[in-house]
Amino acid sequence: MRVLVVGGGGREHALAWKIRQSPSVERLICAPGNAGTADVAENMAVGVDDHDGLAALCKKERIDLVVVGPEVPLAAGLGDRLREDGVKVFGPGAAGARLEASKTFAKQLMQRYVIPTANSQTFRDFPSIRTYLESQQHFPVVLKADGLAAGKGVVLPDSLDDALNAAFDMLEEKRFGAAGNEVLVEECLRGEELSVLALTDGRTLAVMEAAQDHKRAYDDDRGPNTGGMGAYSPAPIATEEFLSNITENVLVRIVHAFARERIDYRGVVYAGMMATRGGPRVLEFNCRFGDPETQVILPRLKSDLVTLLDAVADRRLGQVEDLEWDPRPCVGVVMASRGYPESSSKGDVITGLDAVHEMEDVVVFHAGTAREGNDVVTAGGRVLCVTALGDDVAAARERAYAAVDQIAFDGMHFRTDIAHRALR
Ligand code: AMP
Ligand code: GLY
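Here is what the cut-offs are and how they apply
Residues numbered from 1 in each chain as written. Chains lettered and ligands numbered in written order. Predicted model: local features only at pLDDT ≥ 70, side-chain atom pairs only at ≥ 80, totals over all residues. Heavy atoms only, no water. Near = heavy atom within 4 Å. Polar contact = N/O pair within 3.5 Å; in protein donor to acceptor, adjacent residues only side chain to side chain. Helix = DSSP H or I, 4+ residues; strand = E, 2+ residues; numbered from the N terminus. Nonpolar A, V, L, I, M, F, W, Y, C, P; charged D, E, K, R; others polar. Pairing = 2+ DSSP bridges. Axes fitted to C-alpha atoms, helices over the stretch in contact; angles between N-to-C directions. Areas by Shrake-Rupley, 256 points an atom, 1.4 Å probe, with all protein chains shown as cover. Expected span 1.5 Å × (residues − 1). Buried < 20%, exposed > 50% of the residue type's maximum accessible area, 1.4 Å probe, protein only. Arc of directions from axis to C-beta. Core = buried A, V, L, I, M, F, W, Y, C linked by side-chain atoms within 4.5 Å. Contact = heavy atoms within 4.5 Å.

Considerations on the site of ligand 1
So, point 1. In the vicinity of ligand 1 there are 15 residues, among which Glu-186, Leu-189, Glu-193, Lys-215 and Glu-284 approach most closely.
So, point 2. Between ligand 1 and the protein, one listed contact pairs a nitrogen atom with a side-chain N or O atom of Glu-186 at 2.8 Å.
So, point 3. With respect to ligand 1, the backbone of Glu-187 contributes an N or O atom lying 3.0 Å from a nitrogen atom.
So, point 4. Mapped by element, the contributors of at least two residues to the shell around ligand 1 are β7 (142-145) and β17 (279-286).
So, point 5. Along the lines of polarity and charge, the residues of the shell around ligand 1 split into eight nonpolar, no polar and seven charged.

Next comes the structure, spelled out in structure tokens:
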């Protein structure tokens, strides 16, 4: 089979690494990829937003299956476009991607299909959100821009003043452009967060092992929110009972919702959950694999990923055997470039990758990297996700940090407490 992975981050490196292991893959292309995907696939310089370019690439290289990594091209209809051309695609069309691309749409769907989530109200103008916020007794509240905002559209203001400022930024100053035309005010949920990803072809579900990520930039969950500074799988709070609760009350219902709403959904449903005292509730849905969750989930997957993705794209997931997992935990530590998440720097040489390559049960997934002559250099943002398997979480974590210690680049920073919740 000829497979194309669309994207160029750590998630796409992990997907390409796992896809490469499948005996059915004869050719693997990544567009645009990074220095890490170049080791397992052929990189081609076509951007994720260049739908015409990707369609042409599929035709020229006679691609059998496209796996779309990021949400932006999915929300912009890349899945629909390629399917119209007769290409098999893993990833929902624009209608399904609204699950992530419009938080008001996702909320309405959850209300209609009785999926547990935080209570919320939607506002379209500043005077009405102001009246509502002024009537609130408890802070923080949660403010969310409706549309895609690269992870920056959610704020948890501690006071009325901060809430009004944030609402003004979104609705009046158009800080997120059209993505902020509608703003949700949500009750603030408390508890531990958990990411549950499931493959679905719109009829059947294959629920993956749960993961937890670390969103804040610095140790002890301090500092600004990021795309994710590390992750581990499995998550100890995700007991069998807890996962079957989520499967029954969230995942089965969302698949039912797709069917009732005539949404042809073939891809991943990522349920961002909060384990509250009153049971698990949905914080958000994503229409794609998580980053960095994928980097710690896929090293534990024993099943052939291509068989699964192809079955989802073909709507025959029900005919595929249950997922098989390596019971060993996986821990992943993100190494970020100087200034991340506020700013980022580029072009610093990364050393130590060859030494780490020799370490057993360690895989380094590249995110912001590029090749420059014989060097691998940083390309900004999150640079690497260093993952390791171990007999228990402590062993996996020790091995991951032993690998991190071998790697260096100017301005690097990483958290030293990844998986601390799993060790309590
Ligand atoms: P989202 O993009 O909706 O997942 O929001 C980003 C982050 O904001 C989540 O990972 C949570 O840490 C936090 N968050 C979102 N919604 C809520 C909520 N209702 N209560 C508490 N925290 C939330
Ligand atoms: N790790 C959070 C996300 O992928 O959205």
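More follows now that the structure is in view.
Quick look at the sheet that holds strand β21 (residues 369-372)
So, point 1. The sheet built from three strands is open, its strands ordered β19-β22-β21 with antiparallel pairing. Strand pairing shows two members of the sheet lacking a second neighbour, β19 (346-349) and β21, which therefore form its edges. Strand after strand, the sheet turns through a mean of 40 degrees between neighbouring axes, direction not considered.

Notes on the site of ligand 2
So, point 1. In the region of ligand 2, the neighbouring residues are Asp-213, Lys-215, Gly-227, Tyr-270, Asn-286, Arg-288, Gly-290, Asp-291, Pro-292 and Glu-293.
So, point 2. In the environment of ligand 2, a nitrogen atom lies 2.8 Å from a nitrogen or oxygen atom belonging to the side chain of Glu-293.
So, point 3. Within the complex, the protein chains bury 90% of what would otherwise be the 200 Å² of accessible surface of ligand 2.
So, point 4. Considered class by class, the residues forming the shell around ligand 2 number two nonpolar, three polar and five charged.

Points about helix α8 (residues 160-171)
So, point 1. Counted at 1.5 Å a residue, the expected span for α8 with its 12 residues is 16 Å, and the 16 Å between its end C-alpha atoms agrees.
So, point 2. Inspection of α8 places Ala-163, Leu-164, Ala-166, Ala-167, Met-170 and Leu-171 among the buried residues, and these make up the whole buried set. Buried residues of α8, viewed axially, fall in a sector of 165 degrees; they line one side. Exposed side of α8, more than 90 degrees from the buried face: Asp-161 and Asn-165 are the residues found there.

Details of the nonpolar core
So, point 1. By size, the foremost hydrophobic cluster in this structure holds 51 residues, and its most contacted members are Leu-4, Val-66, Leu-99, Leu-194, Ile-254 and Phe-285.
So, point 2. Excluding its chain neighbours within four sequence positions, the residues that come into contact with Leu-194 are Ala-210, Ala-211, Gln-212, Ala-235, Ile-237, Ala-238, Phe-242, Ile-246, Ala-271, Gly-272 and Met-273.
So, point 3. Counting 43 residues, the second largest nonpolar core, distinct from the first, contains Ala-14, Leu-15, Phe-90 and Ala-211.

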